[in-house]
Amino acid sequence: MTPGKFITFEGIDGAGKSTHLSFVASLLHEMGHTVITTREPGGTPLGEQLRGLLLKEKMHLETEALLMFASRREHLAQVIEPALARGDWVVSDRFTDATFAYQGGGRGLAREKLDALEAWVHPHLQPDLTLLFNVPLEVARARLDKSRDLDRFEQEQAAFFAATQAEYLRRAEQFPKRFRLIDSTQTISEVNQALAEIIEELS
Ligand code: TYD
């Protein structure tokens with residue numbers, strides 16, 4: 001049995017990543033893999049309750065970061081680690097890069113604190129592939145403004161998203177082996193083509 005792989009989807013709100021997640025999952029399925037699709041914050045019953053709080057309630061920045069990692073700890077134990085151990089493929093809508101980008105870049109929490117939490121919660125596991133969906137900030141904003149129900153993060157100002165995106169791009173440069181940048185201003189079929197090529201390379 002070939003070992004399963006761990007793929008994460010990242011990008012600022014409005015970058016369009018969620019549209020493409022099911023495409024990648026069905027591609028992997030067609031290739032004969034067992035695929036688990038999941039998300040963060042969330043992915044477990046407890047994690048989904050934490051997600052409800054995180055997206056709604058005002059809280060201290062460090063509380064926010066700790067709850068993101070608490071949700072992740074549960075997600076790893078209940079879903080991600082058992083699936084990878086079985087040889088399944090895991091496709092997650094966001095993971096630890098999001099905490100570095102949003103709580104670190106966007107909100108300004110010191111990177112060393114996040115490094116420490118990451119070393120605690122998953123000292124050895126990293127995604128095999130991280131797809132970073134990238135769009136100009138104005139495009140992302142225009143997409144968000146079309147939806148009525150914006151959560152606590154989606155209501156943030158331009159400077160927050162600029163800092164979040166900058167941190168995502170910094171991490172992509174820091175970890176070039178696992179990151180692939182996707183230009184999300186392309187048409188859906190162009191993005192699908194790019195994704196198919198990347199997945200082909202990986203498997
Ligand atoms: P998102 O993944 O964008 O879901 P939807 O597409 O349903 O809106 O929503 C999750 C939000 O949580 C998003 O605004 C980013 C934020 N987030 C963090 O701030 N830190 C994290 O570690 C994670 C996983 C998400």
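Residues numbered from 1 in each chain as written. Predicted model: local features only at pLDDT ≥ 70, side-chain atom pairs only at ≥ 80, totals over all residues. Heavy atoms only, no water.

Draft legend 1. Structural detail: the layout of surface pockets. There is about 480 Å³ of room inside the largest pocket. Together, 26 residues line the largest pocket, and Asp13, Lys17, Arg51, Arg94 and Glu154 are the ones closest to its centre. Put simply, the parts of the chain that give the lining of the largest pocket at least two residues each are helix 1 (17–30), helix 2 (45–56), helix 3 (61–86) and helix 4 (96–106). Along the lines of polarity and charge, the residues of the lining of the largest pocket split into ten nonpolar, six polar and ten charged. (1 Å grid on protein atoms, 1.4 Å probe; cavity = no way out; pocket = protein on both sides within 12 Å on 5 of 7 lines; lining within 4 Å. Points joined across faces, edges and corners; volume = space filled by probe spheres on them. Helix = DSSP H or I, 4+ residues; strand = E, 2+ residues; numbered from the N terminus. Nonpolar A, V, L, I, M, F, W, Y, C, P; charged D, E, K, R; others polar.)

Draft legend 2. Expanded view of helix 5 (residues 111–121). Listed as buried for helix 5 are Leu114, Leu117, Glu118 and Val121. The buried residues of helix 5 occupy one face: seen down the axis, they fall within an arc of 100°. Those residues of helix 5 that are exposed and angled more than 90 degrees off the buried face are Glu112 and Trp120. Of the surrounding elements, those touching the buried residues of helix 5 are helix 3, helix 4 and helix 7 (158–174). (Buried < 20%, exposed > 50% of the residue type's maximum accessible area, 1.4 Å probe, protein only. Arc of directions from axis to C-beta. Contact = heavy atoms within 4.5 Å.)

Draft legend 3. Spatial organisation of the pattern of salt bridges. By the definition in use, this model includes 15 salt bridges. The partner of Arg178 in a salt bridge is Asp97, with the nearest N and O atoms 2.8 Å apart. Here Arg178, found in the loop between helix 7 and strand 5 (179–183), pairs with Asp97, found in helix 4; they are 81 residues apart in sequence, far enough to count as distant. Assessed through its relative accessible area of 8%, Arg178 is described here as buried. One salt bridge connects Arg141 with Asp145, and the closest N-O pair in it is separated by 3.3 Å. You can see Arg141 and its partner Asp145 sitting in helix 6 (residues 137–145), four residues apart, about one turn around the helix. Look at Arg141 and you get partly exposed, because its relative accessible area is 24%. Here the residues in one salt-bridge network are Glu64, Arg107, Arg152 and Glu156, joined through shared partners. (Salt bridge = Lys/Arg side-chain N within 4 Å of Asp/Glu carboxyl O.)

Draft legend 4. Looking closely at the site of the ligand. Not every one of the 16 residues close to the ligand is listed here, only the nearest: Asp13, Arg94, Thr99, Tyr102 and Gln103. Separating an oxygen atom of the ligand from a side-chain N or O atom of Arg51 is a distance of 3.1 Å. Residue Arg72 places a side-chain N or O atom 3.3 Å away from an oxygen atom belonging to the ligand. For the ligand, whose unbound accessible area comes to 550 Å², protein coverage reaches 87%. In this structure the site holding the ligand corresponds to the largest pocket. Every element with two or more residues in the shell around the ligand is listed here: helix 1, helix 2, helix 3 and helix 4. Tallied by class, residues from the shell around the ligand come to six nonpolar, three polar and seven charged. (Near = heavy atom within 4 Å. Polar contact = N/O pair within 3.5 Å; in protein donor to acceptor, adjacent residues only side chain to side chain. Areas by Shrake-Rupley, 256 points an atom, 1.4 Å probe, with all protein chains shown as cover. Sits in = over half its atoms within 2 Å of the grid points.)

Draft legend 5. Region of interest: the side chain of Asp97. Relative accessible area serves as the criterion here: at 2%, Asp97 is assigned to the buried category. Here the side chain of Asp97 touches Arg171 through a polar contact of 2.7 Å, side chain to side chain. Setting aside residues no more than four positions away along its own chain, Asp97 makes contact with Glu10, Thr130, Tyr168, Arg171, Arg178 and Phe179.

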